[in-house]
Amino acid sequence: MGQVTSLFVRKVLGIVDGGARPVDRAAILRSVGLRTDDPGDPAQMVSAPDYYRFLEHLTTVDHDPTTLPLRAGAAMRCDNYGAFGLAWKTAPDLRRSYERAQRYGRVLTSVSTYTLEPIDGGARLHLHRAGERRLGLRLSNEATLASIVQISREASRSSFRPTAAFLRHPAPEGLASHEEFFGCPLHFDSEHDALDVSDAALRAPNRLGDESVSSFIDGHLDAAVSQLTDDASLARRVRDRITRSLSDGVPTISEVAHHFALSGRTLQRRLADDGETFQSLVDEARRQLAERLLQHTDYSLADIAFMTGFAEQSSFTRTFKRWAGQTPRSYRLEASRR
């Protein structure tokens, strides 16, 4: 089961405003196994399903749930993130802050990762988060991207704004608050959750950038990451890699193992040590991708079959029925009524 730092729980709860209605913050904390007198320790974790349910509950008590993830992101400061935040703000520039997110994001959560992709004129920082795209996960993704913008503004000496923001979920009814916060073109119903950042913003020095301090903190975080469960993370990363490869066909274990600088036999053994098999991760990746495409896109069934690695729609239909107990068409109709 994935975990998320309790830091996020406390920060989001801290900005909830019930308007005329009182908010029982102690009861909400207890619902995720926390207490008001617990120290605010980023290393204290809550389960990811509990965290998503927590966010969903907050939308029922906050006076403006549409802006809740924006306000949560705006409330974040580098110092709230412990050693991770120190590594972020002491990196020489934002490019290296983002590289640290790729490398050390696991100290804050086991359900999301970051990748920095070069694009024309800059780079795209991707947020990858595993799990069913329910409301809580969508709120979490939006708050995370808002947090990245906020701590980038805090860290950089330049006047930071991304050049574009991408969110996989649909746009809210009103976009004025989102446009004001991000200050850039917004792309909802996107294929990814990500921020585009210009080369100039990536190169601008951080206010507290210090190579020696940054290197020292890197050593501390390397040790923290090494104490985490590598194989559980490996299974997730293997599944994510399979998902990204499916439109070109189902990858072989050798192809995926090569991406992680492992032999096929070593990858299979490490997955087996964690109770997983490569085939089970292939099936899981294909099923999750198929469900997302059926729920959130208008692609034809033939297109979805292709994008999930099936040569024929008939094979996709038979396999999906085995997975979900119903045909893809029935699943899509049922999802549209929810």
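Now for a description of the structure that goes with this document. (Residues numbered from 1 in each chain as written. Predicted model: local features only at pLDDT ≥ 70, side-chain atom pairs only at ≥ 80, totals over all residues. Heavy atoms only, no water.)

**Re the overall build of the protein**
Reasoning step 1: Regarding its fold elements, the protein presents 17 helices and seven strands.
Reasoning step 2: Computed over its C-alpha atoms, the radius of gyration of the protein comes to 21 Å, within 12% of the 20 Å expected for a compact globule of 338 residues.
Reasoning step 3: For the protein, the C-alpha atoms occupy an extent of roughly 55 × 50 × 40 Å along the three principal directions.
Reasoning step 4: Residue pairs in contact within the protein that sit at least 24 positions apart in sequence constitute 67% of those at least 6 positions apart.
Reasoning step 5: For the protein, the exposed area adds up to about 16200 Å²; of that, 49% sits on carbon and sulfur atoms. (Helix = DSSP H or I, 4+ residues; strand = E, 2+ residues; numbered from the N terminus. Rg over C-alpha atoms; globule rule 2.2 N^0.38 Å. Contact = heavy atoms within 4.5 Å. Areas by Shrake-Rupley, 256 points an atom, 1.4 Å probe, with all protein chains shown as cover.)

**Looking at the nonpolar core**
Reasoning step 1: Within the largest apolar cluster, 65 residues are counted, with the highest numbers of intra-cluster contacts made by Tyr-51, Phe-54, Leu-58, Trp-88, Tyr-98 and Phe-182.
Reasoning step 2: Every residue in contact with Trp-88, bar those within four places of it in the chain, is listed here: Cys-78, Leu-94, Ser-97, Tyr-98, Ala-101, Ile-148, Ile-151, Ser-152, Ala-155 and Asn-206.
Reasoning step 3: Listed in part, the 27 residues of the second largest apolar core include Ala-235, Phe-310, Phe-316 and Phe-320. (Core = buried A, V, L, I, M, F, W, Y, C linked by side-chain atoms within 4.5 Å. Buried < 20%, exposed > 50% of the residue type's maximum accessible area, 1.4 Å probe, protein only.)

**Quick word on the side chain of Ser-156**
Reasoning step 1: Inspection of the secondary structure assignment puts Ser-156 in the loop between α7 (135-155) and β5 (164-166).
Reasoning step 2: Overall, the relative accessible area of 0% leaves Ser-156 in the buried class.
Reasoning step 3: In contact with Ser-156, not counting residues within four places along its chain, are Leu-94, Ala-204, Pro-205, Asn-206 and Arg-207.

**Some points on the pairing of strand β4 (residues 122-129)**
Reasoning step 1: Most of β4 is tucked away: eight of the eight residues are buried.
Reasoning step 2: As judged from the eight bridges shared by strand β3 (residues 112-119) and β4, these two strands associate in the antiparallel manner. Counterpart to Leu-116 in the pairing with β4 is Leu-125.
Reasoning step 3: Where β3 folds back on β4, the antiparallel hairpin that results is connected by two residues, among which Gly-121 adopts a positive phi of roughly 80°. (Pairing = 2+ DSSP bridges.)

**Regarding the pattern of salt bridges**
Reasoning step 1: Taken as a whole and judged by the stated rule, the model has ten salt bridges.
Reasoning step 2: A salt bridge links Asp-50 to Arg-53; its shortest N-O distance comes to 2.5 Å. With a gap of three residues between them, Asp-50 and Arg-53 both fall in helix α3 (residues 48-61), about one helical turn apart.
Reasoning step 3: Residue classification places Asp-50 among the partly exposed positions, given a relative accessible area of 24%.
Reasoning step 4: Within the structure, one salt-bridge network assembled from shared partners comprises Asp-93, Arg-96 and Glu-211. (Salt bridge = Lys/Arg side-chain N within 4 Å of Asp/Glu carboxyl O.)

**Here we look at the side chain of Ser-245**
Reasoning step 1: By secondary structure assignment, the location of Ser-245 is in helix α11 (residues 230-245).
Reasoning step 2: A distance of 2.9 Å separates the side chain of Ser-245 from the backbone oxygen of Arg-241, its partner in a polar contact. (Polar contact = N/O pair within 3.5 Å; in protein donor to acceptor, adjacent residues only side chain to side chain.)

**Considerations on the sheet that holds strand β7 (residues 193-198)**
Reasoning step 1: Strand order in the open sheet formed by five strands is β3-β4-β7-β5-β6, and the pairing between neighbours is mixed. Two strands close off the open sheet at either side, each with one partner strand: β3 and β6 (186-187).
Reasoning step 2: Contacts from helix α6 (residues 94-104) reach β3, β4 and β7 within the one sheet, and its direction differs from that of β3 by about 140°. (Axes fitted to C-alpha atoms, helices over the stretch in contact; angles between N-to-C directions.)

**A few points about the packing of helix α5 (residues 83-90) against α6**
Reasoning step 1: Between α5 and α6, the shortest axis-to-axis distance is 7 Å and the interhelical angle comes to 150°. Between α5 and α6, the angle falls in the class roughly antiparallel. Packed against α5, whose contacting residues are Phe-84, Ala-87 and Trp-88, the element α6 presents Leu-94, Ser-97, Tyr-98, Arg-100, Ala-101 and Tyr-104 at the interface.
Reasoning step 2: Here the residues of the contact of α5 with α6 are counted per class, giving seven nonpolar, one polar and one charged. (Parallel < 35°, antiparallel > 145°, perpendicular 65-115°, else oblique. Nonpolar A, V, L, I, M, F, W, Y, C, P; charged D, E, K, R; others polar.)

**Digging into the packing of aromatic side chains**
Reasoning step 1: One pass over the structure, following the stated rule, counts twelve aromatic pairs.
Reasoning step 2: Measuring from ring centre to ring centre gives 5.3 Å for Phe-320 and Tyr-331, while their planes differ by 75°; the resulting arrangement is edge-to-face. Of this pair, Phe-320 sits in helix α16 (residues 313-324) while Tyr-331 sits in helix α17 (residues 328-336); the two residues are eleven residues apart in sequence, bridging distant segments of the chain.
Reasoning step 3: By relative accessible area, Phe-320 is classed as buried at 0%.
Reasoning step 4: The exposure class of Tyr-331 is buried, given its relative accessible area of 8%.
Reasoning step 5: Pairwise contacts between aromatic rings join Phe-8, Tyr-81, Phe-84, Trp-88 and Tyr-98 into one cluster.
Reasoning step 6: Sitting over the ring of Phe-181, Arg-153 keeps its end group 5.2 Å from the ring centre.
Reasoning step 7: Over the ring of Phe-310 we find Arg-286; its NZ or CZ atom is 3.8 Å from the centre of that ring. (Phe/Tyr/Trp six-rings, centres within 6.5 Å; stacked < 30°, edge-to-face > 60°. Lys NZ or Arg CZ within 6 Å of the ring centre and 35° of its normal.)

The analysis is restricted to geometry; functional conclusions fall outside its scope.
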